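# Reading the structure
Take a look at the letters that make up each chain.
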Amino acid sequence: AGLSATGNYPDDLINVYGIGEVYQRRLYEAGICTWSQIAQMSAADLEKITEAIDAANVEDWASEARKLAEANGRVGAHYDGPLPDRLTFLPGIGEGAQELLRQHGIVTFRQFVDANREALQATLKAGGSRADVAEAIAAAKKLLEKSA
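Nothing here was measured: the structure is a model prediction, and the numbers come from that model.

### Structural notes on the packing of aromatic side chains
- Scanning the model with the defined rule gives 1 aromatic pair in all.
- Where Tyr23 meets Trp61, the ring centres are 5.8 Å apart and the plane angle is 50°; that geometry is what we call tilted. Taken together, the residues span a long stretch of sequence, with Tyr23 in helix α1 (residues 21–29) and Trp61 in helix α4 (residues 58–71) at a distance of 38 residues.

### Observations concerning the environment of Gly96
- In this fold, Gly96 is placed in helix α5 (residues 95–103).
- Overall, Gly96 belongs to the exposed group, its relative accessible area being 55%.

### Examining the nonpolar core
- Among the nonpolar cores identified, the biggest contains 22 residues, and Leu90, Ile93, Leu101, Ile106, Phe112 and Leu120 are the most heavily contacted of them.
- Mapped onto this core, the elements with two or more residues apiece are α5, α6 (109–114), α7 (117–126) and α8 (133–147).
- Per-element accounting of this core gives the leading share, 6 residues, to α8.
- Those residues within four positions of Ile106 in sequence are excluded, and the remaining contacts are Leu3, Leu87, Leu101, Gln111, Phe112, Ala115 and Leu120.
- Leu27, Cys33, Leu46 and Ala65 belong to the second largest nonpolar core, which has 21 residues in total.

Here is what the cut-offs are and how they apply
- Residues numbered from 1 in each chain as written.
- Predicted model: local features only at pLDDT ≥ 70, side-chain atom pairs only at ≥ 80, totals over all residues.
- Heavy atoms only, no water.
- Phe/Tyr/Trp six-rings, centres within 6.5 Å; stacked < 30°, edge-to-face > 60°.
- Helix = DSSP H or I, 4+ residues; strand = E, 2+ residues; numbered from the N terminus.
- Buried < 20%, exposed > 50% of the residue type's maximum accessible area, 1.4 Å probe, protein only.
- Core = buried A, V, L, I, M, F, W, Y, C linked by side-chain atoms within 4.5 Å.
- Contact = heavy atoms within 4.5 Å.

Shape descriptors only; they carry no functional weight alone.
See the structure below:
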């Protein structure tokens, strides 16, 4: 059996045009972790939080985030867990696998390392991922050691 799904997970904010890794990190650090939250914010607040440059199209973020929330059944979604790591830094974990893991409550390298290996493998395999879980866990452990 795989991992069980949870509704309490962060959205991949870089799916909003103009938000990249740096702005996503700043939003996460400010507690803005879902498209639904961005959809309710003013361009001025988003600009202040992200320290966005003029070319970032901040005025469009709220409407884009609203569309993403609606299209993905995430209207009203909120996340109150640990600050997410970029799981795509792990070998074999692409955007799709990262999203799948997030939906199952795995958002940090620590959670990835601590998860039941068989459940992790089953969940990723069911989602079409061919990631080598042992290799990805080893990489996550290295990243954790570096940050310690």
